[in-house]
Structures are given as C-alpha cells and as structure tokens.
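# Secondary and tertiary structure notes
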Amino acid sequence: MSQRESGYARKERDLYETPEWVTEALIPHLPLPSSRLAVWEPACGSGKMRDALMKSFDVMASDIALGTDFLLEQRPPWPVDWIITNPPYELATEFCEHALRLMEPVGGLVAMLLRTDFDHAKGRAYLFRDCPAFSKKLVLMKRIAWFVEENGKPKASPSFNHCWMIWDWKHEGPPTIAYAP
Ligand SMILES: C[S@@+](CC[C@H](N)C(=O)[O-])C[C@H]1O[C@@H](n2cnc3c(N)ncnc32)[C@H](O)[C@@H]1O
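### Concerning the overall build of the protein
When its secondary structure is counted, the protein shows three helices and seven strands. Helices and strands appear in the protein in the N-to-C order α-β-α-β-β-α-β-β-β-β. A compact globule built from 181 residues would reach a C-alpha radius of gyration of about 16 Å, and the protein, at 16 Å, matches this within 12%. Considered along the principal axes of its C-alpha atoms, the protein spans approximately 45 × 35 × 30 Å. Going through the 181 residues of the protein one by one, you find that 35% of them count as buried.

### Comments concerning the sheet that holds strand β1 (residues 38-41)
Spatial strand order, β2-β1-β3-β4-β6-β5-β7: seven strands in an open sheet with mixed pairing. Edge strands, defined here as strands with exactly one partner in the open sheet, are β2 (58-61) and β7 (176-180). Neighbouring strand axes in the sheet, compared pairwise and without regard to direction, differ in orientation by 25 degrees on average. Together, β3 (82-85), β4 (109-115) and β6 (162-168) form the strand contacts of helix α3 (residues 92-103), whose direction differs from that of β4 by roughly 170 degrees.

### A few points about α3
Taking 1.5 Å per residue, 12 residues should reach 16 Å; α3 reaches 16 Å between its end C-alpha atoms and fits that length. Those residues of α3 that sit buried are Ala-92, Phe-95, Cys-96, His-98, Ala-99, Leu-100, Leu-102 and Met-103. Considering only its buried residues, α3 is in contact with β3, β4 and β6.

### What about the site of the ligand?
As a structural note, the neighbourhood of the ligand is formed by 23 residues, with Thr-18, Ala-43, Gly-45, Lys-48 and Asn-86 the closest of them. Considered class by class, the residues forming the shell around the ligand number 13 nonpolar, four polar and six charged.

### Some thoughts on the confidence of the model for the protein
In the predicted model, the protein carries a mean pLDDT of 91, and 92% of its residues have values of at least 70. In the model, residues 1-9 has pLDDT below 50 throughout and makes 19 contacts with residues more than four positions away in sequence or in other chains.

### Some thoughts on the pairing of β1
Note that β1 and β2 share four bridges and pair parallel. Looking at β2, one finds that Trp-40 is bridged to Met-60. Taken together, the two bridges between β1 and β3 define a ladder with parallel strand orientation. If you follow Val-39 over to β3, its bridge partner there is Trp-82.

Reading the values: rules and limits
- Residues numbered from 1 in each chain as written.
- Predicted model: local features only at pLDDT ≥ 70, side-chain atom pairs only at ≥ 80, totals over all residues.
- Helix = DSSP H or I, 4+ residues; strand = E, 2+ residues; numbered from the N terminus.
- Rg over C-alpha atoms; globule rule 2.2 N^0.38 Å.
- Buried ≥ 20, exposed ≤ 12 C-beta atoms within 10 Å, placed from the backbone.
- Pairing = 2+ DSSP bridges.
- Axes fitted to C-alpha atoms, helices over the stretch in contact; angles between N-to-C directions.
- Contact = placed C-beta atoms within 7 Å.
- Expected span 1.5 Å × (residues − 1).
- Near = placed C-beta within 6 Å.
- Nonpolar A, V, L, I, M, F, W, Y, C, P; charged D, E, K, R; others polar.
- pLDDT = per-residue confidence, 0-100.

Below you can see the structure in the form of structure tokens.
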C-alpha cells in the first residue's frame, strides 16, 4: 500500500513491501480449519507477504510484474480457498471487489491490508456495511514503517494507520472488530 505523503517518491506500481509482523498479526484472527488451506497472494511484489503466509498456508503468488493482472483473471489460476494481499493503493477498491467476486462461488475468505478509514467512504458501503461477507476489521495498533534503514530503524515516522479487512462468504451475523498486536 503506498504512502502518498510519506516524503518519498512513490514506488513504481505501488511496490511497498509488507513487514512480516503485519502478516503474522492476521493469522490468529482467521478461521483456520485443521487442514492446510491454499491461499492466493495476487499482488506479491518481491514476495514479503507470500513468504510470511507460507508458514501457515500453501501459497500461490502472482503479480502484474510477473505477467498476471489480477483484475483480468476470471477465475483463480489454481484452486484456492482464500485470497490475501496488500493491494496497490490506487486499485484497492477494485482488488476488494474482484477478490470477493472470485471467492463467492467457493465460499472463500478475502483479507486485504488497507488504510484504517477505508470503510468510512459512503461509496464503499457495498463492501462493508451492506456486504454480508464482511466479517472482521482487525486494527493494527502499531503503525507500519514502509521504509527502513539497514539497521531496521524507520527512515521516517509512519503517518498512517492500517488494518486488515476480512470478508468470509461463510460468515454469518454482523462484522466484529479486533485489535492487534
Ligand atoms: C503494495 S505492493 C504489495 C506487495 C506485496 N503484496 C507485499 O505486501 O509485500 C502492490 C503490488 O501490486 C502489484 N500490482 C499492481 N497492479 C496490479 C494488478 N492489476 N494485478 C496484479 N498485481 C498488481 C504491484 O506490482 C506491486 O507488486
């Protein structure tokens, strides 16, 4: 997810790498069955999130830079149970819509890393307030440092709050809110 006012030039195609702790924070909040699931990471970039997901899932990863435009895929290239990614900022709404469309027929789950106020827009009520699959908002209480020095210290103070938005076509009832870490 890009940081528009980070003080750094925007990276080409919004290639921002998600730190491992952000993906790890999601896992305990997912309805994990006893069998190992297949997850599609459709905007994998350099593979940071893919690598973190591989600890818990069988992961199929793709990216437009590797030849697969997610928004043009009419079905998952492999049979997958869930879709999890950090979408490009400029296409975040389209990614959520498309992932939900692809997962509905298999009763699958979608988790997207997004700005915390992404669900505030009235124009996105169909994805949240009015979407029966919207199951959980997982607020990240720590801000994500997208740019770090070699010693691991942030290059600049992170200025945005993020959350995981989770939709599950098997979910029933109203969405819940949770906090991590
Ligand atoms: C914010 S980065 C996320 C990288 C990775 N998911 C991570 O969290 O470390 C967004 C990625 O989306 C990819 N991308 C942009 N448009 C895309 C599209 N239409 N289909 C697939 N990937 C796309 C970019 O190439 C970039 O790698």
